[in-house]
Amino acid sequence: MRVLCFLLGLIVGLALWRWQRSRYNVRLKKLLGDVDTDIATSAFSSTSQLALAITHSQRDRCQLEQQVEIYKQILQIAPIGYLQVDDENRLLWCNVKARELLAMAPDQQSKPRLLLEVVRSYELDHLIEQTREAKNPCTSDWTFYPVSPDPSQLSQQQAYALRGYGLPLPTDQVGIFLENRQEAVTLVQQRDRWASDVAHELKTPLTSIRLVAETLQTRLEPPLKGWVDRLINETIRLSNLVQDLLDLGQIDRNTPGASLKTRTTDLVELIFSAWANLEPLARKKHLRLDYSGPDRLLMQLDEPRMYRVLFNLLDNSIKYSPPRQQIRVQVGIEALSQGLSEPDGYVANQQIRLEVIDAGPGFPENALSYVFERFYRADPSRSHSVPLRVSNVTSVTDPTQDSGHDQVDLGERNSSGLGLAIVRQIVEAHAGSVSASNHPDTGGAWLQVCLPWHQPEPTSKNKAS
């Protein structure tokens, strides 16, 4: 009986052991199966993701290539030229208009070549380098002289004005948009030539009218003498306008700086000389000059023309300054990060900043970018309680009635509208720049003139004041 119970327990124990082992094997197989499935699934997932990434990359590349082709098609029919160069200034692509403007042969774009080998324009090359270094859009104007390999066509080719807009691109590439400005330049030249011719024709009859009016002035009684005085004043104003037009025409006909007769001049002495001649007008309004700057400043200037600049600037401030105020003139020397090229080719690393500040009504905000244009006139309807600073104002007061200082002020405002235009022309001929704004302290006009400057030669320091 005991043996039977032992055998029965042994059989039950073996059965339980086999059942437990089978369960363990099932669990182990399941665990290994799950691991294999995860490994297989992970491998399949990485492969699928890579395939999907490659597919998306190819799709994006195809879309990018399609967009590039669309842009090229648009640029091909654009009315302006476009060319693109790489970091070594090799021409990568250009449209039809650029080949036309730069007189390029159709087969000159078969493979990338240096731009100077394809187009002999050092101004264009300089614009590309300037854009690449600045990493900002740059603009340049120049006259392009096309060169043809056919000698028989040299006499038929004419130079024309171009304007280039440089755009920095990735990997130091540069894109250039080209615009033909010859039509605009021709229109400006025709306008200036017409104005100069008309001014020249008006000079003689105006002189005759003034002589006749001055003859009648001594023979008329006071009731009629006022009208003759008005006639003489208007004739003088018109004669000044004619002379201003002739001066502008003379400056425009010459290359900037070519007509200048520069010599060592004391700028400070020139300022006080211009003020001395305007002092009678300033005395009527009790104005005084407040100068701050060096006592002596020698520089190379065309003395008569720079005197005209100072005279016009001070005269403009006197006209619009209220009584019993001061006109501030500030002169200083500034260092430049990049040199300025002067007309004679010398590069100056310093500049003179001349500022003329008054306490008048100032310029209208919408007129600041136009105050140096010829005959520009601000809109008088925008004036409220303060009179506008306009280029041309005409008085219609009865000259037989004496209105004291008010009439003198109106007469002073009868300007030709060319004073600041002449200032800009002369300053730019000296390789300088001029700008206008309203001073934050006085609220009046703030005219700034910048001129290149370098240390004068030791021999010119002994120039008499």
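Structure first, text after, so check above.
Along each chain, residues carry numbers from 1 onward, in the same order as the chain's sequence is written. Totals for whole chains, interfaces and linings use every residue, but because this is a predicted model, local features are given only for residues with pLDDT of at least 70 and side-chain atom pairs only at 80 or more, for both listing and counting. Remark: hydrogens and water are excluded; side-chain values derive from all non-hydrogen atoms of the structure.

Draft legend 1. Molecular detail of the pairing of strand β12 (residues 433–438). Relative to strand β13 (residues 445–453), β12 runs antiparallel, the two being bridged by 6 bridges. Looking at the pairing, serine 435 lines up with glutamine 448 of β13. When DSSP finds two or more bridges between two strands, those strands count as paired. In this text, helices come from DSSP runs of H or I with a minimum length of four residues, and strands from runs of E with a minimum of two, each type numbered from the N-terminal end.

Draft legend 2. Layout of the pairing of strand β5 (residues 160–168). For strand β4 (residues 138–144) and β5, the ladder comprises 7 bridges, and the chain directions are antiparallel. Looking at β5, one finds that phenylalanine 144 is bridged to tyrosine 160. In terms of strand pairing, β5 meets strand β6 (residues 174–180) through 7 bridges, oriented antiparallel. The residue of β6 that forms the bridge with leucine 162 is asparagine 180. Counting the residues that bridge the hairpin from β5 to β6 gives 5 residues, and of these threonine 171 lies at a positive phi of roughly 55°.

Draft legend 3. Up close: the environment of serine 437. Position of serine 437 relative to the elements: it lies in strand β12. Remark: the alpha-carbon pair of serine 437 and leucine 368, spanning 69 residues in sequence, is separated by 6.3 Å. Working rule for contacts: check all heavy atoms of both residues, and any pair within 4.5 Å makes them a contact. Excluding its chain neighbours within four sequence positions, the residues that come into contact with serine 437 are Phe363, Leu368, Gly444, Ala445, Trp446 and Gln448.

Draft legend 4. How the structure looks around the packing of aromatic side chains. Whether two aromatic rings pair depends on their centres lying within 6.5 Å, for rings of Phe, Tyr and Trp, where Trp uses its six-membered ring; planes under 30 degrees apart make the pair stacked, over 60 edge-to-face, and the rest tilted. Under the counting rule described, the total for this entry stands at 5 aromatic pairs. Judged by centre distance (6.3 Å) and plane angle (50°), the ring pair of tyrosine 82 and tryptophan 93 falls under tilted. Of the two residues, tyrosine 82 is situated in strand β1 (residues 81–85) and tryptophan 93 in strand β2 (residues 90–94); the sequence distance between them amounts to 11 residues. With respect to class, tyrosine 82 is no different from tryptophan 93; both count as buried. Residues phenylalanine 272 and tyrosine 291 carry aromatic rings whose centres are separated by 5.4 Å and whose planes lie at 65° to one another, so their mutual orientation is edge-to-face. The buried label applies to any residue whose accessible area, calculated with a 1.4 Å probe on protein chains only, is under 20% of its type's maximum; exposed applies above 50%, and partly exposed to all values in between.

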